[in-house]
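Chains, contacts and geometry: an overview
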Amino acid sequence: MTAVRNVLISGASIAGPALAHWLGRRGIRAVVVEKAASRRTGGYAIDLRGKAVDVAERMGVLDGVRAAKTGITGVAMVDADGRTRASFGAGLVSAEERSLEILRGDLVGLLHDAAPDAEYRYGDSIESMKDLGDGVSVRFASGGEESFDLVVGADGLHSNTRALAFGPERPFRRFLDSYVSIATVPNRLELNGEARLFNTPGRLAALYHTPRSEGAKALLLHRTRMESEVDRQAPAAQREHLREVFGGMGWETDRILADFADAPDFYFDSVTQIRMGAWSKGRVVLLGDAGYCPSPMSGQGTSLALVGAYILAAELAGRDEPGPALAAYERRMRPYATANQGIADPGLDFLVPKSGFAIGARNALLRSGPLLRFLSRFDSRLSHAAEAVSLD
Ligand SMILES: Cc1cc2nc3c(=O)[nH]c(=O)nc-3n(C[C@H](O)[C@H](O)[C@H](O)COP(=O)(O)OP(=O)(O)OC[C@H]3O[C@@H](n4cnc5c(N)ncnc54)[C@H](O)[C@@H]3O)c2cc1C
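Okay, so let's go over this structure. Please read these numbers as outputs of a predicted model, since none were measured by experiment.

Parameters at a glance
Residues numbered from 1 in each chain as written. Predicted model: local features only at pLDDT ≥ 70, side-chain atom pairs only at ≥ 80, totals over all residues. Heavy atoms only, no water. Pairing = 2+ DSSP bridges. Helix = DSSP H or I, 4+ residues; strand = E, 2+ residues; numbered from the N terminus. Buried < 20%, exposed > 50% of the residue type's maximum accessible area, 1.4 Å probe, protein only. Near = heavy atom within 4 Å. Polar contact = N/O pair within 3.5 Å; in protein donor to acceptor, adjacent residues only side chain to side chain. Areas by Shrake-Rupley, 256 points an atom, 1.4 Å probe, with all protein chains shown as cover. Nonpolar A, V, L, I, M, F, W, Y, C, P; charged D, E, K, R; others polar. Axes fitted to C-alpha atoms, helices over the stretch in contact; angles between N-to-C directions. Parallel < 35°, antiparallel > 145°, perpendicular 65-115°, else oblique. Left-handed = near helix turned anticlockwise from the far one by under 90°. Contact = heavy atoms within 4.5 Å. 1 Å grid on protein atoms, 1.4 Å probe; cavity = no way out; pocket = protein on both sides within 12 Å on 5 of 7 lines; lining within 4 Å. Points joined across faces, edges and corners; volume = space filled by probe spheres on them.

**Quick word on the pairing of strand β10 (residues 145-148)**
Where strand β9 (residues 136-140) meets β10, four bridges bridge the pair, whose relative direction is antiparallel. Following the sheet pairing, V138 is matched in β10 by E146. Counted between consecutive antiparallel strands, the loop separating β9 from β10 contains four residues, among which G143 sits at a positive phi close to 115°.

So, in structure tokens, the structure goes:
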């Protein structure tokens, strides 16, 4: 076998460009193929926490991330009439210097700029691939065929690379009994750097505003034990499903449903984790959501993608064969990925309590004194999970 010098990465969101950066720094060629026609802009608020903040610093993008922070400073839990029942500042969950919130599009832009040597190919995708033992022969949807030393699937929750190398998604999915939708809507409440959340049992409607983008973002999330096909249906059917679930819920919900009808960036998906026994097969390896999606309920998918890219590149560098590097990547990343997947269930219970009693209890906790806030911040599993990996 030969050293890895020529890598194909599928997916140009967070994990892909981050890996391209680290490979470029080590003199390894990176080609990034992305099915979208151009660089992704806009998007919702995501977090960099714990060790991912250190990775951003080592990449030289931390100042850019700080400059592009969403600026959301407060979160209020409201009732059906919009009255605040509880509130907390952005620093409740993690100490501020270890937790930065940024729009996904802003982060994608920073990561792209940090990998100037990478070759980006938009509007294309891997159609098939064949592992030849000493390389992978790839056929692209656009028709060309090329060989690479390694193929990295950084193509998200519904990874094409995973499907080609490991088979259908189903056995690797852990459905978290809920569906999420999000879109940009008019800022009708004239929010200014704040978020409002309204719950009924098993349902959440939220609106937030960041000075970094036009309008407001609206999010609807509901819990259900019935996993259906709705996430694979057309957007019109998904919007209809949301009207059935959320219609008449109260607060701003009916206006959100109406605004979703015109939203060009309407997003709907199941809340799902990816859990796999192995993240690589021969010369194909998975990175970020493709291999170990923790779900939006963990708030840690972006951090896993950034840290995963750093560790994968570090393990590949200077080795003669990819096999031991991929094994070492998995050994180092797996406990961290598992810990962060473990916080999705408490995250869901916090954001979308199942009963009226649980909603009241959560709000009472948030209203309680500084001691409980202190304990909540420093004792939280989230803060621990975010630091649970070594970069050296
Ligand atoms: C509503 C919502 C809220 C979230 N909130 C948070 C949060 O608060 N904090 C947090 O850390 N994370 C959050 N996340 C998760 C976060 O967005 C992901 O964990 C993170 O983006 C993972 O990055 P990735 O690069 O692995 O995958 P993705 O960002 O999913 O990127 C995959 C890329 O692959 C491309 N692609 C797909 N198929 C193909 C193909 N066939 N060929 C080529 N390219 C392809 C896609 O177009 C995309 O650009 C949230 C996610 C959602 C949906």
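So much for the structure itself; the text now carries on.
**Digging into the environment of A358**
In this structure, A358 sits in helix α12 (residues 356-367). Of the residues examined, A358 reaches a relative accessible area of 27% and is grouped as partly exposed. In the structure, A358 is positioned 157 residues away from P201 in sequence and 8.3 Å away in space, judged by C-alpha atoms.

**Topic: the site of the ligand**
Around the ligand sit 29 residues in total, of which S13, A15, E34, D47 and R104 are the nearest. Contact distances for the ligand include 2.7 Å between an oxygen atom and a side-chain N or O atom of S13. For the ligand, an oxygen atom lies 2.6 Å from a polar atom in the side chain of E34. Here the ligand, which alone exposes 1000 Å², has 91% of that area covered by the protein. Mapped onto the shell around the ligand, the elements with two or more residues apiece are β2 (29-34), β3 (45-49) and α9 (301-316). Of the residues forming the shell around the ligand, the biggest block, three residues, is contributed by β3. Residues belonging to the shell around the ligand are distributed by class as follows: ten nonpolar, eleven polar and eight charged.

**Considerations on the packing of helix α2 (residues 51-59) against α9**
Each packed pair of helices is defined by two parameters, the angle between the axes and the distance between the axes. The contact between α2 and α9 brings their axes to 9 Å, and the two run at 55°. With respect to their mutual orientation, α2 and α9 come out oblique. Relative to α9, α2 is oriented so that their crossing is left-handed. In this structure, α2 uses K51, A52, V55, R58 and M59 to contact α9, whose residues at the interface are S303, L306, V307 and Y310.

**Topic: the sheet that holds strand β11 (residues 150-153)**
Spatial ordering of the open sheet is given by β7-β2-β1-β11-β18-β17, a layout of six strands whose pairing is mixed. Every other strand in the sheet has two partners, leaving β7 (119-122) and β17 (280-281) as the edge strands with one partner each. Note that β11 and strand β18 (residues 284-286) share three bridges and pair parallel. Looking at the pairing, V152 lines up with V285 of β18.

**Let's talk about the layout of surface pockets**
If a probe as big as a water molecule is rolled over the atoms, it shows which places are left empty. Of the voids in this model, the second largest pocket is the one considered here, and its volume is about 160 Å³. Breaking the lining of the second largest pocket down by element, the ones donating at least two residues are β12 (173-185) and α11 (344-351). Broken down by element, the lining of the second largest pocket gets its largest block of residues, four residues, from β12. Looking at the lining of the second largest pocket residue by residue, the class counts come to three nonpolar, one polar and six charged.

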